[in-house]
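Tertiary structure, described
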Amino acid sequence: MPGKTRSRMYETADFIDNVPNLPPHREKTGTQVDRRTFLKSTALASLAAVCSGGMLPDGIAYASPVPGEDERFVAEAWFYEKLPYKKIRCKLCPKQCVIDDRERGYCGTRENRDGTYYTLVHSRPCTYHADPIEKKPLFHFLPGTLAFSISTAGCNVNCKFCQNWQISQVRPEQVRSIHMPPKVVVSLTKKARCTSIAYTYGEPVVFYEYMAETAAVGREMGLKSVVITGGYINEEPVRKLCRHVDAIKVDLKAFSEKYYREVVSGELQPVLDGLVTIRKEGMWTEIVYLVVPTLNDSDGEFTKLCRWIKSDLGVDVPVHFTRFHPDYLLRNLPRTPIQTLERAKAIADSEGLHYVYLGNVPGHSAENTFCPRCKRVVVQRTGFISKAVHIVDGKCRYCEQEIAGVWN
Ligand code: SF4
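What you see is a predicted model; the values in this text were computed from it and never measured.

**Details of the packing of helix α5 (residues 182-191) against helix α6 (residues 208-220)**
Closest axis-to-axis distance for the α5/α6 pair is 9 Å, and the angle between their directions is 55°. By the angle class used here, α5 and α6 are oblique. Considering how the two elements wind past one another, α5 and α6 form a crossing that is right-handed. From α5, Pro182, Lys183, Val185 and Val186 reach across to α6, where they touch Tyr210, Glu213, Thr214, Val217 and Gly218. When its residues are assigned to classes, the contact of α5 with α6 shows 5 nonpolar, 2 polar and 2 charged.

**Considerations on the layout of surface pockets**
Size it by volume and the largest pocket reaches roughly 1,200 Å³. Lys135, Lys136, Gln163, Asn164 and Lys249 are, among the 44 residues lining the largest pocket, the residues nearest its centre. Counting residues per element, the ones that place at least two in the lining of the largest pocket are β10 (224-229), β11 (247-251), β12 (284-291), β13 (319-323) and β14 (356-359).

**So, helix α9 (residues 268-280)**
Its 13 residues place the ends of α9 19 Å apart at the C-alpha level, agreeing with the 18 Å of an ideal helix rising 1.5 Å per residue. Inspection of α9 places Leu268, Pro270, Val271, Leu272, Gly274, Leu275, Thr277 and Ile278 among the buried residues, and these make up the whole buried set. Along its buried surface, α9 packs onto α7 (235-242), β11, α8 (257-264), β12 and α10 (299-313).

**Quick notes on the site of the ligand**
Every residue lining the ligand is accounted for by Cys90, Leu92, Cys93, Lys95, Gln96, Cys97, Gly105, Tyr106, Cys107, Tyr117 and Asn156. Comparing atom positions with the cavity grids shows the ligand to sit within the largest cavity. By residue class, the composition of the shell around the ligand is 7 nonpolar, 3 polar and 1 charged.

**What about the side chain of Thr229?**
Relative to the elements of secondary structure, Thr229 occurs in strand β10. The class for Thr229 is buried, based on a relative accessible area of 5%. Here Glu203 takes part through its side chain, which lies 2.8 Å from a polar atom of the side chain of Thr229. The residues contacting Thr229, other than those within four sequence positions of it, are Glu203, Pro204, Val205, Ile248, Lys249, Val250 and Asp251.

**Re empty space enclosed by the protein**
Per the stated rule, a full pass over the model turns up 5 cavities of 30 Å³ or more. Of the voids in this model, the largest cavity is the one considered here, and its volume is about 110 Å³. Lining the largest cavity are 15 residues, and of these Cys90, Cys93, Cys97, Cys107 and Asn156 lie nearest its centre. Partitioning the lining of the largest cavity into residue classes produces 10 nonpolar, 3 polar and 2 charged.

**Topic: α10**
Between the first and last C-alpha of α10 there are 20 Å, a value that for 15 residues agrees with the 21 Å anticipated at 1.5 Å per step. Three or more residues of α10 are buried, namely Glu301, Phe302, Thr303, Leu305, Cys306, Trp308, Ile309 and Leu313. Taken together, the buried residues of α10 touch α9, β12, β13 and α11 (338-350).

**Brief notes about the pairing of β13**
Most of β13 sits inside the fold, with 5 of its 5 residues counted as buried. Where burial is concerned, the two faces of β13 agree: the one with Val319, Phe321 and Arg323 and the one with His320 and Thr322 are both buried. In terms of strand pairing, β12 meets β13 through 5 bridges, oriented parallel. When the sheet's bridge partners are listed, Leu290 is paired in β13 with Thr322. Handedness of the β12-α10-β13 crossover: right-handed. Traced from β13 through α11 to β14, the parallel crossover comes out right-handed.

Reading the values: rules and limits
Residues numbered from 1 in each chain as written. Predicted model: local features only at pLDDT ≥ 70, side-chain atom pairs only at ≥ 80, totals over all residues. Heavy atoms only, no water. Axes fitted to C-alpha atoms, helices over the stretch in contact; angles between N-to-C directions. Helix = DSSP H or I, 4+ residues; strand = E, 2+ residues; numbered from the N terminus. Parallel < 35°, antiparallel > 145°, perpendicular 65-115°, else oblique. Left-handed = near helix turned anticlockwise from the far one by under 90°. Contact = heavy atoms within 4.5 Å. Nonpolar A, V, L, I, M, F, W, Y, C, P; charged D, E, K, R; others polar. 1 Å grid on protein atoms, 1.4 Å probe; cavity = no way out; pocket = protein on both sides within 12 Å on 5 of 7 lines; lining within 4 Å. Points joined across faces, edges and corners; volume = space filled by probe spheres on them. Expected span 1.5 Å × (residues − 1). Buried < 20%, exposed > 50% of the residue type's maximum accessible area, 1.4 Å probe, protein only. Near = heavy atom within 4 Å. Sits in = over half its atoms within 2 Å of the grid points. Polar contact = N/O pair within 3.5 Å; in protein donor to acceptor, adjacent residues only side chain to side chain. Pairing = 2+ DSSP bridges. Right-handed = clockwise from strand over helix to strand, strands pointing away.

None of the figures reported here should be taken as evidence of function without further support.
Rendered as structure tokens:
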């Protein structure tokens, strides 16, 4: 168990008031700010100007910064090894950060204190929202249901196209967060009539312990858990995660190490290895490939990607080719032409993948699921809405071909 670190000098109760019908265990203790914290908060003012009061495109409110630290959010990390001189090596993701005492890893959410490693984001979401499961996107997982979606600050990569960079590329104390322990997440999920809890928006690998514990509590209460991730995680943690969750959607950002190095600040091979592990664990998996003009949109790369999926994961893994729009550090590129996405789909179809979709193109026929045998529409969608599902007991209603996925 973690020791007490610093006294809590700031209270998040006013933000918690925005959560509807919180359970009665919430405490309100008022606000108390010392001089040091006040100065720190002033230094954060410019970031606050960006983050506070704004809305993500899908209506999620940005949090404001909470200066200071709060021991309610601190818990010992699960995957690390102790090294001489109070150093530690984090073993959660392939970055394998080696961290001195009183320092943090690359993701900024984990800290070495006296040779013990702690997560600083347990029960500390900075955003939450009830979304259609189709928005994750998970097209073959309980269509028409809602997922209660949460995220903390922080990420273990730095994608130049990130659409949620205001929360993914900051440290936890730079955004205002609320205290939402696993039981509260479960209670809110039920209250919002969601079928599942989604760990999303930012990168859930960096709040692994919180995610795994919440998923375990959720399962006891009959809720599913779905993970929306870049898949940049080591083998042991991903294997253990598969015991607690029900589906994992992986953003496979390109099929070249160069792109991962230059655009993502990560590596391709560990993501591919992770996908293979996830499939071997029997987890429902879908892949999103964000097509960025001129950077990962060649026929050769699409072909290599599809051949690898076919040989190493199987033709039943759905692939979503998604439209890029300029954001964060890639504002100089245009939106992806729809013809490019259609070219990617044509290649995937010709390589024999069964379920290939176009994302961020509302109204396109490639939002629908077609039966791989009789070619009729078995799930009709518009945007994030599944309008009609013609699947009975996991099979096409017209020809009884099995349709891969979790339907009931
Ligand atoms: S999870 Fe964070 S601290 Fe751990 S190796 Fe990855 S980037 Fe480094």
